[in-house]
Amino acid sequence: MLTNIHWLGHDSFKISGERVIYIDPWQLENPERADIVLVTHEHRDHLSRPDIEQISDEHTTVVATAACAAQLERIVNVVIVAPGDNSTVQGVPIEVIPAYNVNKYRSEGVHFHPKEAGGVGYIVTVGGKRIYHAGDSDLTPEMMKVDADIVLLPVSGRAVMTAEEAADAVRSIRPEVAIPMHYGSIMGSIDDATRFKQLSPVPVEILEKSS
């Protein structure tokens, strides 16, 4: 399954298989058409309408929160979800996990990603494997209960988990493998991913950026 997971930079991924699934497509290069697009929250580096339009046609289903859907008018087949939802889209089971900050602040008392904003992560089941994309999140009580085989976790520490906190996350989740994200472009560096790999109690794959 790892060969079917492509890191496209920052928090953006493509999962290949019977369905082509994009998560938070952003600044794509030479993309293919998507069957399913998952959007975690409305920040511009996660909800990029030009990128979504580039990979969508009448057969594409976009899965997004209500706040994101409000920015996706006239894009066909938008399925609105909220934290805690479970659904099946084009035969792919999708679970919606809350994503929010507990200790990262934009200013005093103001989180970058407040829980009430309704940001999410997703668990998609592909090829018999449960793949968890955490979105922009700290280590939350909901994350600690996630059941997943492969986890895609932010590690930069800027508005999301640090490498140390991501290592704590995998201690709770106990996946088969973890993949770091949220570094290398807007914030964070390969050093954060390497630090996570050093600290993690489970195998970590640092993916090369795909086009």
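Everything discussed here concerns the structure shown above.
Would you mind going over the sheet that holds strand S14 (residues 177-181) with me for this structure?
By way of backbone hydrogen bonds, the strands of a sheet pair with one another, either parallel or antiparallel. Spatially, S7-S8-S11-S12-S13-S14 is the arrangement adopted by the six strands of the open sheet, whose pairing is mixed. In this open sheet, the two strands that pair with only one neighbour each are strand S7 (86-89) and S14. The mean inter-strand angle of the sheet, taken between neighbouring strand axes irrespective of direction, is 20 degrees. Summarising the sheet, strand S11 (residues 120-126) and strand S12 (residues 129-133) pair through five bridges and their orientation is antiparallel.

For this particular structure, what's the right way to read the packing of aromatic side chains?
Two measures describe an aromatic ring pair: the distance that separates the ring centres and the angle between the ring planes. Counting across every chain of the model gives one aromatic pair. Look at Trp7 and Tyr183: their rings are 4.9 Å apart centre to centre, the planes differ by 20 degrees, and that puts the pair in the stacked class. You can see Trp7 sitting in strand S1 (residues 5-7) and its partner Tyr183 sitting in the loop between S14 and helix H5 (190-199), a full 176 residues away along the chain.

How should I be thinking about the sheet that holds strand S4 (residues 36-38) in this particular structure?
Reading across from one edge, S1-S2-S3-S4-S5-S6 is the order of the six strands in this open sheet, with mixed pairing throughout. Single-partner strands in this sheet number two, and they are S1 and strand S6 (78-80). Here the average twist between neighbouring strands, direction ignored, is 20 degrees. Where S4 and strand S5 (residues 61-64) come together, three bridges link them in parallel fashion. Note on S5: the bridge partner recorded for Val37 is Val62.

Reading guide: rules and limits
Residues numbered from 1 in each chain as written. Predicted model: local features only at pLDDT ≥ 70, side-chain atom pairs only at ≥ 80, totals over all residues. Heavy atoms only, no water. Pairing = 2+ DSSP bridges. Helix = DSSP H or I, 4+ residues; strand = E, 2+ residues; numbered from the N terminus. Axes fitted to C-alpha atoms, helices over the stretch in contact; angles between N-to-C directions. Phe/Tyr/Trp six-rings, centres within 6.5 Å; stacked < 30°, edge-to-face > 60°.

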